[in-house]
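# Structural characterization, general
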Amino acid sequence: MGNCRIVQNAGTGLLDELVNNNELLAAEPIHDMHTELGGYYILVVPKIIGQSLKSAEDLVIKQLNKLKAGDFSDTLLRGVKTELRIYYEPFLEDMDWRT
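Summarised in this report is the structure supplied together with it.

About the criteria used
Residues numbered from 1 in each chain as written. Predicted model: local features only at pLDDT ≥ 70, side-chain atom pairs only at ≥ 80, totals over all residues. Heavy atoms only, no water. Patch = residues over 30% accessible without salt bridge, like charges linked within 9 Å, V, L, I, M, F, W, Y side chains within 5 Å. Areas by Shrake-Rupley, 256 points an atom, 1.4 Å probe, with all protein chains shown as cover. Salt bridge = Lys/Arg side-chain N within 4 Å of Asp/Glu carboxyl O. Helix = DSSP H or I, 4+ residues; strand = E, 2+ residues; numbered from the N terminus. Expected span 1.5 Å × (residues − 1). Bend = angle between axes of the 7 residues up to and from the residue. Buried < 20%, exposed > 50% of the residue type's maximum accessible area, 1.4 Å probe, protein only. Arc of directions from axis to C-beta. Contact = heavy atoms within 4.5 Å.

## So, a nonpolar patch on the surface
Together, Leu25, Ile48 and Ile49 line one region of the surface with nonpolar side chains, adding up to about 390 Å² of accessible area. On the secondary structure map, isoleucine 49 appears in the loop between β2 (39–45) and α2 (53–69).

## Some remarks on helix α3 (residues 74–93)
In a regular helix each residue adds 1.5 Å, so 20 residues correspond to 28 Å; α3 covers 29 Å between its end C-alpha atoms and thus fits that length. The sharpest bend along α3 measures roughly 25 degrees and falls at tyrosine 87, with the proline proline 90 sitting one to four residues further on.

## Notes on α2
The first and last C-alpha atoms of α2 sit 24 Å apart over 17 residues, in line with the 24 Å expected at 1.5 Å per residue. Within α2, the full set of buried residues consists of Ala56, Val60 and Gln63. Buried residues of α2, seen end-on, are gathered within an arc of 55 degrees and therefore sit on one face of the element. Opposite its buried face, α2 presents the exposed residues Lys54, Lys62, Lys68 and Ala69, each directed more than 90 degrees away. Those residues of α2 hidden inside the fold are in contact with α1 (14–20) and β2. Phi turns positive one or two residues past the end of α2, at glycine 70, with a value near 75 degrees.

Geometric values such as these leave the question of function open.
Have a look at this one:
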């Protein structure tokens, strides 16, 4: 859950930025979690008129390189940390999850 929050976080992540700026029609990270084999995929939908799949992929790769370089705002990081804390706190309070 936590891995993809910086790239997609309720409209404020790095991929959300591309959609909000009307550079892509859609971009979404997808987890494929399995015991021994899994994956992390990014669904990219280019704009219908005037954008190639290659240019859409290049935009996403540029955002992922920003993530690798740590080039994102502290506000985004604080928002992700707060969201994760809010998500996990109820599990800590429930004794069934603490065993």
